[in-house]
Every structure is written in structure tokens, then in C-alpha cells.
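Residue-level structure breakdown
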Amino acid sequence: MTKVSIILGSKSDLPVAEKAMNILKKFEVPFDINVASAHRTPHRVEELVEGSDADVFIAIAGLSAALPGVIASFTVKPVIGVPVSGEINYDSLLSIVQMPPGIPVAAVGMNRGDNAAILAVEIMALTDVGLRDKLLAYRKEQADKVIADSDKLNAELAA
Ligand code: RP5
């Protein structure tokens, strides 16, 4: 059973997808991953979305990043777009964010596959107490790290 479907516009987007996969593995959320391009393989995108039993889609794409929006056109499940950075600043970010009214996609920051996965987990945690507890533990982990870093910095400065 797949909970999250990750779709990449190109295999070259894999480093960003790895950030998402690492989070999903940490939270023990089953996912699948496929490469399909909104422009180069539009029919494959449609087949993947319509054949998926995932609860949430994470779509990772650069340049004129139509992929998240095209996925959203084929489903009423939540779609989280991850813009991949390229030579022109924010091209993919704007392509993902500027959806027409009625067909939204969520967008995280440039290359933020990790945040896309956390957001997907948060959506699923609405109906999954186990995931909610894991998210709370993860928040604490992050807070503890900030405090440990601060203590370490002060210890280094005092040395
Ligand atoms: C987009 O074009 C992909 O998502 C990728 O970020 C970018 C470049 O693709 P490749 O030329 O590396 O296949 O569609």
C-alpha cells in the first residue's frame, strides 16, 4: 500500500527526491517513486495519477515546472510541488505557485523535498495518531538540537 507518490520531472531531480525519501523512511511511510514529465510524457503522468492509491502526491520539477499542476488536474488528492533550482532564479517556484483558481497545489521552498515530505506526513497525521506522535517527537528532536547547538557555541566561545 502506497501512502505517498513521489513523481519527478526528470531523473536529474533525484537529489531533491532523496530528501523527501529520507523523511518518509524516518516516519515509516510507504511511498513509491516514478519519473514522468508533464511536457515529455503527459499521458504517463495521467496514467500514474489515475492508477495510484496514494493519499498525497509530491511532485518535483524544475524549469517550467508544470508537473505539480498537471498532477492536480487529474486528482482531488493533495499535491505538494517542490521547485528545483536552475539557472534562472525562482522560475520553477513561480510555475508551481501560480496555479489558476480552482486547481491549487501546495508549494514548498526551492529544493525542499524534506519539507514536502513533512507536510505530506502532517496531512496524513490528521487521521493517524501514530504519525501525529512521531511528528511531535520530531519537533522535539529539532528543538533539542537548537538548544544543544547554542550550548556548544557558548562553550566554544568561552574556551
Ligand atoms: C524539468 O526539467 C525537470 O523536472 C528537471 O528539473 C529539468 C531538467 O530536466 P533534464 O533535462 O535534466 O531531464 O522538466
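Residues numbered from 1 in each chain as written. Predicted model: local features only at pLDDT ≥ 70, side-chain atom pairs only at ≥ 80, totals over all residues. Heavy atoms only, no water.

Structural notes on unusual backbone geometry
Of note, Glu 28 is a non-glycine position whose phi angle comes to about 55°, a positive value. The residue Glu 28 is located in the loop between α1 (14-26) and β2 (31-35) in this model. A residue is classified by how much of its surface remains accessible, and Glu 28, at 62% relative accessible area, is exposed. One non-glycine residue, Asn 111, lies in positive phi territory at about 65°. The topology assignment puts Asn 111 in the loop between β5 (106-107) and α5 (113-125). (Helix = DSSP H or I, 4+ residues; strand = E, 2+ residues; numbered from the N terminus. Buried < 20%, exposed > 50% of the residue type's maximum accessible area, 1.4 Å probe, protein only.)

Observations regarding the domain arrangement of the chain
Taken domain by domain, the chain holds domain 1 (4-124) and domain 2 (129-159). Each of domain 1 and domain 2 has a C-alpha centre, and these two points are 29 Å apart. In this complex, domain 1 contributes 9 residues to the contact, which on the side of domain 2 involves 6 residues. When domain 1 packs against domain 2, the two sides together hide about 710 Å² of surface, and 69% of this comes from carbon and sulfur. Three residues stand out in domain 1 for area buried against domain 2, namely Lys 26, Phe 27 and Glu 122, and they jointly supply 60% of the buried area on that side. Here domain 1 and domain 2 share 3 salt bridges between them. One salt bridge connects Lys 134 with Glu 28, and the closest N-O pair in it is separated by 3.0 Å. Taken together, domain 1 and domain 2 are joined by 4 residue pairs in polar contact (both at pLDDT 80 or more). When residues of the side of domain 1 that touches domain 2 are assigned to their parent elements, the largest contribution, 4 residues, is made by α5. (Domains from an automatic or database assignment. Contact = heavy atoms within 4.5 Å. Buried area = accessible area lost by both parts, 1.4 Å probe. Salt bridge = Lys/Arg side-chain N within 4 Å of Asp/Glu carboxyl O. Polar contact = N/O pair within 3.5 Å; in protein donor to acceptor, adjacent residues only side chain to side chain.)

Focus on the environment of Gly 109
Within the secondary structure, Gly 109 is located in the loop between β5 and α5. The spatial distance from the C-alpha of Gly 109 to the C-alpha of Leu 93 is 7.5 Å, given a sequence separation of 16 residues.

Focus: α5
A turn of α-helix holds 3.6 residues, and therefore any two residues three or four places apart point the same way. For α5, with 13 residues, the first-to-last C-alpha span of 18 Å sits near the 18 Å given by 1.5 Å per residue. Residues of α5 that are buried include every one of Gly 113, Asp 114, Ala 116, Ala 117, Ile 118, Ala 120, Val 121, Met 124 and Ala 125, and no others. On its buried face, α5 is in contact with β1 (4-8), α1, β3 (56-62), β4 (79-84) and α6 (129-158). (Expected span 1.5 Å × (residues − 1).)

Quick word on the packing of α5 against α6
The interhelical angle for the contact between α5 and α6, taken along N-to-C directions, is 140°, at an axis separation of 8 Å. Here α5 lies oblique to α6, going by the angle between them. Here α5 and α6 pass one another in a crossing that is left-handed. Contacts between α5 and α6 involve Ile 118, Val 121, Glu 122, Met 124 and Ala 125 from the former and Leu 131, Arg 132, Leu 135, Tyr 138 and Arg 139 from the latter. (Axes fitted to C-alpha atoms, helices over the stretch in contact; angles between N-to-C directions. Parallel < 35°, antiparallel > 145°, perpendicular 65-115°, else oblique. Left-handed = near helix turned anticlockwise from the far one by under 90°.)

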